[in-house]
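Tertiary structure, described
So the chains spell out like this:
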Amino acid sequence: MTEKCESKEIFTVEMKHTEDTLTKLSHMQYDLFCKKNLLVRTAIAAVFIVIGAQRLDQWWALLLIGYGGYLLTSKYASANHTARKLYEQFKAAGESYPYSRYIFEEKHMRIIAMPENSEIDPLRYSDVFRLGEDMTAFYIFQNQYGGYMIPKSSLGEREDEFKEFIERVTKQPFMSRRTRFGGLRLWLKRREDEPYHL
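Residues numbered from 1 in each chain as written. Predicted model: local features only at pLDDT ≥ 70, side-chain atom pairs only at ≥ 80, totals over all residues. Heavy atoms only, no water.

Take the packing of aromatic side chains next. Geometrically, a pair of aromatic rings is defined through the distance of the ring centres and the angle of the planes. Taken as a whole and assessed by the stated rule, the structure comprises 13 aromatic pairs. Ring centres of Phe33 and Phe129 lie 5.7 Å apart, and the angle between their planes is 10°; this geometry places the pair in the stacked category. Of this pair, Phe33 sits in helix α1 (residues 19-33) while Phe129 sits in the loop between β6 (123-124) and β7 (130-133), and the two are 96 residues apart along the sequence. Its relative accessible area of 17% is what places Phe33 among the buried residues. The exposure class of Phe129 is partly exposed, given its relative accessible area of 40%. For the ring pair Tyr125 and Phe165, a centre distance of 6.0 Å and an interplane angle of 90° mean the geometry is edge-to-face. (Phe/Tyr/Trp six-rings, centres within 6.5 Å; stacked < 30°, edge-to-face > 60°. Helix = DSSP H or I, 4+ residues; strand = E, 2+ residues; numbered from the N terminus. Buried < 20%, exposed > 50% of the residue type's maximum accessible area, 1.4 Å probe, protein only.)

Laid out in structure tokens, this is it:
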């Protein structure tokens, strides 16, 4: 739901977490802040698989290949563990998953815990650490340890406007798994549009 207030555009979104959304939030956190870990895992996996493939006559070669494959396919193992710990804590405490209302104003984002309707300190856009995006949501991280998830479905037809607004006020781009290929696609598109020359 969106509304206009004087000359400022305000977006209001309500977000109720589930096990699935907590897992997606943890995955995005890993994607944005654990790139070094991912590179190391990938490099080790590649070495193990190459060595294993070259030593197929040895009994331990299949162990190396298997472990290399595990490292490649278990990218989110630690993120899943973090998400599991979170929802187990909520379950043990007999509490429901977080439910919040986010109100985006021109200079900051207001966070209201529901259903108590209690407001915490607003998050200034200048304090936003990083932005993330996947197919179903936008993510706004105040630091590498905590962030907010904004479902795209809650924005309706204003999804693109919201994205442009947040990128403008935070002076940051939304990062996604597709971002690393975005530059290449843009370069190829420009090459296609250029007139032929020798």
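Now that the structure has been shown, we can carry on.
Here we take up unusual backbone geometry. Residue Pro115 is bonded to the preceding Met114 through a cis peptide linkage, with omega at 0°. The phi torsion at Asn117 lies on the positive side, around 65°, for a residue other than glycine. For Lys171, which is not glycine, the phi dihedral falls at a positive 60°.

Spanning 20 residues, helix α2 (residues 35-54) covers 29 Å between terminal C-alpha atoms, matching the ideal 28 Å at 1.5 Å per step. Among the residues making up α2, those that are buried are Arg41, Ala45 and Gly52. Taken end-on, α2 shows its buried residues confined to a sector of 35°, consistent with a single buried face. In α2, the exposed positions that point more than 90 degrees away from the buried face belong to Lys36, Leu39 and Gln54. For α2, the secondary structure elements touched by its buried residues are α1 and α3 (61-73). (Expected span 1.5 Å × (residues − 1). Arc of directions from axis to C-beta. Contact = heavy atoms within 4.5 Å.)

Where α1 meets α2, the closest approach of the two axes is 5 Å, and the angle between their N-to-C directions is 80°. The orientation of α1 relative to α2 falls into the category roughly perpendicular. Along its contact with α1, which presents Tyr30, Asp31, Leu32 and Phe33, the element α2 presents Lys35, Asn37, Leu38 and Arg41. Counted by class, the contact of α1 with α2 contains four nonpolar, one polar and three charged residues. (Axes fitted to C-alpha atoms, helices over the stretch in contact; angles between N-to-C directions. Parallel < 35°, antiparallel > 145°, perpendicular 65-115°, else oblique. Nonpolar A, V, L, I, M, F, W, Y, C, P; charged D, E, K, R; others polar.)

In this section: the environment of Gln172. By the secondary structure assignment, Gln172 is in the loop between α5 (159-170) and β10 (174-175). Looking at Gln172, the relative accessible area reads 17%, which means it is buried. It is 8.9 Å that separates the C-alpha atoms of Gln172 and Phe129, two residues lying 43 residues apart in sequence. Ignoring sequence-local partners within four residues, the contact set of Gln172 consists of Val128, Phe129, Arg130, Leu131 and Glu167. Here Val128 takes part through its backbone oxygen, which lies 2.7 Å from a polar atom of the side chain of Gln172. (Polar contact = N/O pair within 3.5 Å; in protein donor to acceptor, adjacent residues only side chain to side chain.)

Below, the discussion takes up the nonpolar core. Ranked by size, the top nonpolar core spans 29 residues in total, and within it Tyr102, Phe104, Met109, Ile140, Ile150, Phe162 and Ile166 carry the most contacts. For this core, the secondary-structure elements that each account for two or more residues are β2 (8-16), α1, β3 (99-104), β4 (108-113), β8 (137-143), β9 (146-151) and α5. Per element, the largest residue contribution to this core is five residues, and it comes from β8. In contact with Tyr102, not counting residues within four places along its chain, are Phe11, Thr12, Val13, Met15, Met109, Arg110, Ile111, Tyr148, Met149 and Ile150. (Core = buried A, V, L, I, M, F, W, Y, C linked by side-chain atoms within 4.5 Å.)

Purely geometric stuff here, so don't read any function into it on its own.
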